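So the chains spell out like this:
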Amino acid sequence: QVQLVESGGGLVQPGGSLRLSCVASGSIFSIYAMGWYRQAPGKQRELVAAITGGGRTNYADSVKGRFTISRDNAKNTMYLQMNSLKPEDTAVYYCNADKVLVAGRPLGDYWGQGTQVTVSS
């Protein structure tokens, strides 16, 4: 069984910074891509940033230049450094692992439980 556990969320003032972490555990051989998604109240879940095992990244236009995604493949860990936070960044942030190769199982897609990020003065 694969588990994704996010941490690092919280309350921050506009202009502040937070760093989110996501650790994937289980009998994992490899993960093709990992990503951060967010969902604000009344809105659909949206991609924030994603990164492949080779380090190729993709960002939502709304976070380009403010957020940085990174990944430690050896530790199956992903990070999201969020700077210059805005109230509109307030949401539950979810970690996703795509095309996860696990012993004895087909390729799978997994989600974490989410961590709340609130940007408010």
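Residues numbered from 1 in each chain as written. Predicted model: local features only at pLDDT ≥ 70, side-chain atom pairs only at ≥ 80, totals over all residues. Heavy atoms only, no water.

### Some words on the nonpolar core
Alright, step 1. Counting residues in each nonpolar core, the largest one holds 33 residues, and the members touching the most others are W36, L80, M82 and Y93.
Alright, step 2. Listed by contribution, the elements that provide at least two residues to this core are β3 (18-25), β4 (28-39), β5 (46-52), β7 (67-72), β8 (77-82), β9 (91-102) and β11 (115-119).
Alright, step 3. At 6 residues, the largest contribution of residues to this core is made by β9.
Alright, step 4. Beyond its immediate chain neighbours, meaning those up to four positions away, Y93 contacts E6, L20, W36, Y37, R38, V48, F67, L80, M82, G114, T115 and V117. (Core = buried A, V, L, I, M, F, W, Y, C linked by side-chain atoms within 4.5 Å. Buried < 20%, exposed > 50% of the residue type's maximum accessible area, 1.4 Å probe, protein only. Helix = DSSP H or I, 4+ residues; strand = E, 2+ residues; numbered from the N terminus. Contact = heavy atoms within 4.5 Å.)

### Some remarks on the packing of aromatic side chains
Alright, step 1. Overall, the coordinates contain 1 aromatic pair when judged by the stated rule.
Alright, step 2. Centre to centre, the rings of Y37 and W111 are 4.9 Å apart; their planes meet at 65°, and the pair counts as edge-to-face. Taken together, the residues Y37 in strand β4 and W111 in strand β10 (residues 108-111) connect sequence positions 74 residues apart.
Alright, step 3. Residue class for W111 comes out partly exposed when judged on its relative accessible area of 35%.
Alright, step 4. Over the ring of Y94 we find R45; its NZ or CZ atom is 3.7 Å from the centre of that ring.
Alright, step 5. The positively charged end of R45 is found above the aromatic ring belonging to W111, 4.7 Å away from the centroid. (Phe/Tyr/Trp six-rings, centres within 6.5 Å; stacked < 30°, edge-to-face > 60°. Lys NZ or Arg CZ within 6 Å of the ring centre and 35° of its normal.)

### Things to note about the side chain of R38
Alright, step 1. Relative to the helices and strands, R38 resides in strand β4.
Alright, step 2. Looking at R38, its side chain comes within polar contact range of the side chain of S62, at 3.4 Å.
Alright, step 3. If we ignore the near neighbours within four places in the chain, the residues touching R38 are Q44, R45, E46, V48, S62, V63, F67, E88, D89, A91, V92 and Y93. (Polar contact = N/O pair within 3.5 Å; in protein donor to acceptor, adjacent residues only side chain to side chain.)

### Describing unusual backbone geometry
Alright, step 1. If you check the backbone angles, S84 has positive phi at about 50° while not being a glycine.
Alright, step 2. Relative to the assigned elements, S84 resides in the loop between β8 and β9.

### Considering the state of the cysteines
Alright, step 1. One pass over the full model with this rule turns up 1 disulfide.
Alright, step 2. Two residues share a disulfide in this structure: C22 and C95, whose sulfurs sit 1.9 Å from each other. Taking the torsion about the S-S bond as the criterion, the C22 to C95 disulfide, at about -70°, is left-handed. Residue C22 is found in strand β3, and its partner C95 is found in strand β9; the two are separated by 73 residues along the sequence. Both residues of the pair, C22 and C95, count as buried. (Disulfide = S-S within 2.5 Å.)

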